Amino acid sequence: MLNDEKAKKELQEILNQREYLVYEEKPPSFIEKWWNSVEDWLSEWLEGLFPTIEPASGIGGQVLLTLIVIMILLLLGVFVFIILRNGKRKRALRKYQPLQTIDEMKWSYQKHLRESNRQELQREFNLSTRHLFLGLLLYFHEKNLLKARIWKTNWEYYDELMKVNKQWANQFYNLAQLFDEVTYGERIIGEEEYHHFKKIVLNLIEDEEFHHHLSEQGERNGV
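Everything numeric in this text was worked out from a predicted model, so none of it was measured.

A. Focus on the nonpolar core. Of all hydrophobic cores here, the largest spans 33 residues; its most connected members are F140 and F172. When contributions to this core are tallied by element, the ones reaching two or more residues are α6 (109-121), α7 (125-142), α8 (154-162), α9 (166-183) and α10 (191-206). Once you skip the residues sitting within four places of it in the chain, F172 turns out to touch F133, L137, F140, N154, Y157, Y158 and L161.

Structure follows, in structure tokens:
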């Protein structure tokens, strides 16, 4: 028994020798050095911000870790919110058909634009928005950029436009989102937002580059 205790004591003395301690002590990694420097900086910053509070050991690291966790949670929250919002909008684009009746499709795009102006004068901005969008849709149809059908959704129209011009398709996508919210989501559009919507629609119809593309397309088709 005494020999066992003596052997343990001698082993402990050997392990406590400097060469063993040095061997066990590993140099800090780059991440550890960076963490320690940030922790020291944060501790100094907190000490300068609250000079009356005595600095506690490790407070910088605790605060830094808390801030990092909070930032990660906030970023995750924003990411989830964006994913859910975009998913909801895409589902809306896939769900509704902008042309509800044969009569709406029989109207020319010019007639829809005139009706939009009439509703605007009466400050019926929701109805005016609807006719503006349908006018744009039928304008695209008339210029053979897409094929308007009663059973088609805005997502299908967007997909057709992507094959022609991505910039126009992206503008149409944004317009279609607002159109769906106003038409099916019971959203009341304000006057300023309506005029912004109208400006984009009319710019698409009157865009010189847009008409240049149409004339080139007509020449290729022998029109």
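B. Quick look at the packing of α7 against α9. In the contact formed by α7 and α9, the axes pass within 10 Å of each other and the chain directions differ by 140 degrees. When the interaxial angle is binned, α7 and α9 end up oblique. Considering how the two elements wind past one another, α7 and α9 form a crossing that is left-handed. The residues of α9 that touch α7, namely those facing N126, T129, R130, F133, L134, L136, L137 and F140, are F172, L175, A176, F179, V182 and T183. A class-by-class count of the residues in the contact of α7 with α9 yields 10 nonpolar, 3 polar and 1 charged.

C. Looking closely at the side chain of H112. Within the element layout of this structure, H112 appears in helix α6. For H112, the side chain forms a polar contact with the side chain of H131, separated by 3.1 Å. Beyond its immediate stretch of four places on either side in the chain, H112 contacts E104, W107, H131, L134, G135 and L138.

D. How the structure looks around the pattern of salt bridges. Using the criterion set out here, one finds 8 salt bridges in the structure. Across the salt bridge formed by E120 and K198, the nearest N and O atoms sit 2.8 Å from each other. Separated by 78 residues along the polypeptide, E120 in helix α6 and K198 in helix α10 bring together distant segments of the chain. The partner of R187 in a salt bridge is E181, and the shortest N-O contact between them spans 2.3 Å.

Criteria and cut-off values
- Residues numbered from 1 in each chain as written.
- Predicted model: local features only at pLDDT ≥ 70, side-chain atom pairs only at ≥ 80, totals over all residues.
- Heavy atoms only, no water.
- Core = buried A, V, L, I, M, F, W, Y, C linked by side-chain atoms within 4.5 Å.
- Buried < 20%, exposed > 50% of the residue type's maximum accessible area, 1.4 Å probe, protein only.
- Helix = DSSP H or I, 4+ residues; strand = E, 2+ residues; numbered from the N terminus.
- Contact = heavy atoms within 4.5 Å.
- Axes fitted to C-alpha atoms, helices over the stretch in contact; angles between N-to-C directions.
- Parallel < 35°, antiparallel > 145°, perpendicular 65-115°, else oblique.
- Left-handed = near helix turned anticlockwise from the far one by under 90°.
- Nonpolar A, V, L, I, M, F, W, Y, C, P; charged D, E, K, R; others polar.
- Polar contact = N/O pair within 3.5 Å; in protein donor to acceptor, adjacent residues only side chain to side chain.
- Salt bridge = Lys/Arg side-chain N within 4 Å of Asp/Glu carboxyl O.

Any link to function would need more than the numbers given here.
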